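Next come the chains, spelled out residue by residue.
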Amino acid sequence: MDVEAQRAVDALNRIGFLLERTREPTYRVRAFRNAATTIAGLPPGELRRRLDEVSLEELPGVGKVTATVIAEAAAGAVPAYLEKLRETAGELASGGRALRELLRGDLHMHSDWSDGGSSIEDMVLAARELGHDYVALTDHSPRLTVARGLSPERLREQLRIVADLNERLAPFRVLTGIEVDINEDGSLDQEPELLAQLDVVVASVHSKLRAPREDMTRRMVTAIANPHMDVLGHCTGRIVVGRGRPESEFDHEVVFEACRQFGVAVEVNSRPERLDPPRRLLSLAREMGCMFSVDTDAHAPGQLDWQIYGCVRAEECEVPPERVINTKSADDLLAWTRS
Ligand SMILES: [Zn+2]
Ligand SMILES: [Zn+2]
């Protein structure tokens, strides 16, 4: 990409990030992300030609607003649209700062290989931009077909792409990972040999959320005892916005005790519609001696900034930072997930 195109793409993506972060409607974010994709795909010299001819708007995905942003950025200026967004950006939350500053990475995010909206590279670069030392790529597993879960073959292919990225981006680390479904019988929805190779295995319940308490407890504990599992994702499955979804029922003490015994971190899921576990369970898990992972479950780059919401809750529930595994360095974290 030539310099002008790179500037335009960076500005468009930055706008996309800021809009995602404040939960602007998807269509508005898409306008900027799509324009970035179009510009990134232009042959050398074409952007310059179109700027001279004033024919940017003929390109697919480029409209009046995005064309102005592209022209301003290409000229080396900060686009007015971006400038305005930056001024109004502000903090997402008032608390949680102390813990957030100790976090060195994020262990739960999705790319467009499953149900995320952005490429692996865009997600990873955004994580690095936020100051992280590492991020785990945790796309869905095969049975979650609605989210385009990755077959073993696709996951193997993804691992090769992550290896290439790691060579290019070192010392930043892209950790290999998965958000694997916990099957009804408590088994994990991916080949054990493949799970064994991954740096981070987040496991979550995504089906039969209304199962009876005993069944759900058995299902979760079976998974937690699986040596490949590292993090228990959004443990209650609740949704707290819109029509919402109630918490799944399980024996909290048995499940958290299993997490403690088998060395599985309880995820503090930062997504605003989840905020899972609820405070009373987060406090219970803390009292019981569990480890935690404060993650975003981001499906778009701007959502990687939502970690602060989880930090606020962890602080409110007095979770000690030394019990949050993503305050560890990448090497210490990997030593922990492998033990
Ligand atoms: Zn999930
Ligand atoms: Zn997820």
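Residues numbered from 1 in each chain as written. Chains lettered and ligands numbered in written order. Predicted model: local features only at pLDDT ≥ 70, side-chain atom pairs only at ≥ 80, totals over all residues. Heavy atoms only, no water.

Engineer: For the overall build of the chain, give the residues involved together with the corresponding values.
Structural biologist: For the chain, the count of helices and strands is 14 helices and seven strands. The C-alpha atoms of the chain give 21 Å as radius of gyration, which agrees with the globular expectation for 339 residues (20 Å, within 12%). For the chain, the C-alpha atoms occupy an extent of roughly 70 × 45 × 40 Å along the three principal directions. Residues classed as buried in the chain amount to 55% of the 339 residues present. In the chain, the share of contacts with a sequence separation of at least 24, taken over all contacts with a separation of at least 6, comes to 75%. When the accessible surface of the chain is summed, it comes to about 14,800 Å², and 50% of that surface belongs to carbon and sulfur atoms. The distance from the centre of the 42 positive side-chain charges to the centre of the 56 negative ones in the chain is 3 Å. (Helix = DSSP H or I, 4+ residues; strand = E, 2+ residues; numbered from the N terminus. Rg over C-alpha atoms; globule rule 2.2 N^0.38 Å. Buried < 20%, exposed > 50% of the residue type's maximum accessible area, 1.4 Å probe, protein only. Contact = heavy atoms within 4.5 Å. Areas by Shrake-Rupley, 256 points an atom, 1.4 Å probe, with all protein chains shown as cover. Lys, Arg positive; Asp, Glu negative; His and termini not counted. Charge placed at Lys NZ, Arg CZ, Asp CG, Glu CD.)

Engineer: Outline the coordination of the zinc ion (ligand 1), listing residues and values.
Structural biologist: The protein atoms that coordinate the zinc ion (ligand 1) are E179 (OE), H206 (NE2) and H234 (NE2), at distances of 2.1 to 2.2 Å. Sequence spacing among the residues donating to the zinc ion (ligand 1) works out to E-x26-H-x27-H. A separation of 3.5 Å is found between the zinc ion (ligand 1) and the zinc ion (ligand 2), which share E179 as a coordinating residue. In this pair, E179 sits in strand β3 (residues 173–181) while H234 sits in the loop between β5 (231–232) and α11 (252–262), placing the two residues 55 residues apart along the sequence. Given a relative accessible area of 2%, H234 falls into the buried group. (Donors = N, O, S within 2.8 Å, 3.2 Å for Na, K, Ca; no water.)

Engineer: Break down the nonpolar core for me, citing the residues and quoting the values.
Structural biologist: Counting residues in each nonpolar core, the largest one holds 87 residues, and the members touching the most others are I39, L232 and F256. In this structure, F256 is in contact with C235, V266, L281, L284, A285, M288 and C290, ignoring residues within four places of it in sequence. With 13 residues, the next largest nonpolar core counts V202, A265, I325 and L334 among its residues. (Core = buried A, V, L, I, M, F, W, Y, C linked by side-chain atoms within 4.5 Å.)

Engineer: Tell me about the pairing of strand β2 (residues 134–137), and please be specific about residues and values.
Structural biologist: For a regular strand, the rule is simple: side chains alternate between the two faces of the sheet. Where burial is concerned, the two faces of β2 agree: the one with Y134 and A136 and the one with V135 and L137 are both buried. Pairing of strand β1 (residues 105–106) with β2 involves two bridges; the strand directions are parallel. Following the sheet pairing, D106 is matched in β2 by V135. Read from β1 through helix α7 (residues 120–129) to β2, the crossover connection turns out right-handed. As paired strands, β2 and β3 are joined by four bridges and run parallel to one another. Bridge assignment links V135 to a residue of β3, and that residue is V174. (Pairing = 2+ DSSP bridges. Right-handed = clockwise from strand over helix to strand, strands pointing away.)

Engineer: Please give an account of unusual backbone geometry that cites residues and values.
Structural biologist: Here the bond from A170 into P171 is cis, since omega is 10 degrees, no more than 30 degrees from zero. Considering the arrangement of structural elements, one finds P171 in the loop between α8 (152–169) and β3. The omega torsion of the bond from D276 to P277 falls at 0 degrees, within 30 degrees of zero and hence cis. Structurally, P277 can be placed in the loop between β6 (265–269) and α12 (279–287). Look at K208: it is not a glycine, yet its phi comes out positive at around 50 degrees. With respect to the helices and strands, K208 occurs in the loop between β4 (200–204) and α10 (213–224). Of note, the phi angle at E318 is positive, near 60 degrees, even though the residue is not glycine. Mapped onto the elements, E318 comes out in the loop between α13 (307–316) and α14 (330–338).

Engineer: So what's going on with the environment of D133? Which residues, and what values?
Structural biologist: Structurally, D133 is set in the loop between α7 and β2. On the basis of relative accessibility, which here comes to 33%, the residue D133 falls in the partly exposed class. Considering only alpha carbons, one finds D133 and E157, 24 residues apart in sequence, at a separation of 24 Å.

Engineer: Any chance you could break down the side chain of R50 for me, citing the residues and the numbers?
Structural biologist: Mapped onto the elements, R50 comes out in helix α3 (residues 46–53). Given the relative accessible area of 12%, R50 is considered buried. The residues contacting R50, other than those within four sequence positions of it, are S55, L56, E58 and L59.

Engineer: Describe the coordination of the zinc ion (ligand 2), naming the residues involved and giving the relevant values.
Structural biologist: In ideal tetrahedral geometry, four donors around a metal make angles of 109.5 degrees, whereas ideal octahedral geometry with six donors gives angles of 90 or 180 degrees. Protein-derived coordination of the zinc ion (ligand 2) comes from H108 (NE2), H110 (NE2), E179 (OE) and D297 (OD), at a distance range of 2.0 to 2.2 Å. Classification of the site at the zinc ion (ligand 2) as irregular follows from its four donor atoms and the range of 83 to 172 degrees in their angles at the metal. For the zinc ion (ligand 2), the donor residues sit on a single chain with the sequence spacing H-x1-H-x68-E-x117-D. (Tetrahedral: all angles 85-135°; square planar, octahedral: opposite > 155°, others 65-115°.)

Engineer: Which residues make up the sheet that holds β6, and what values go with them?
Structural biologist: Strand order in the open sheet formed by seven strands is β1-β2-β3-β4-β5-β6-β7, with parallel pairing between adjacent strands. Strands with a single pairing partner mark the edges of an open sheet, and in this sheet they are β1 and β7 (292–295). As paired strands, β5 and β6 are joined by two bridges and run parallel to one another. In the sheet register, V231 faces β6, and the bridge partner there is A265.

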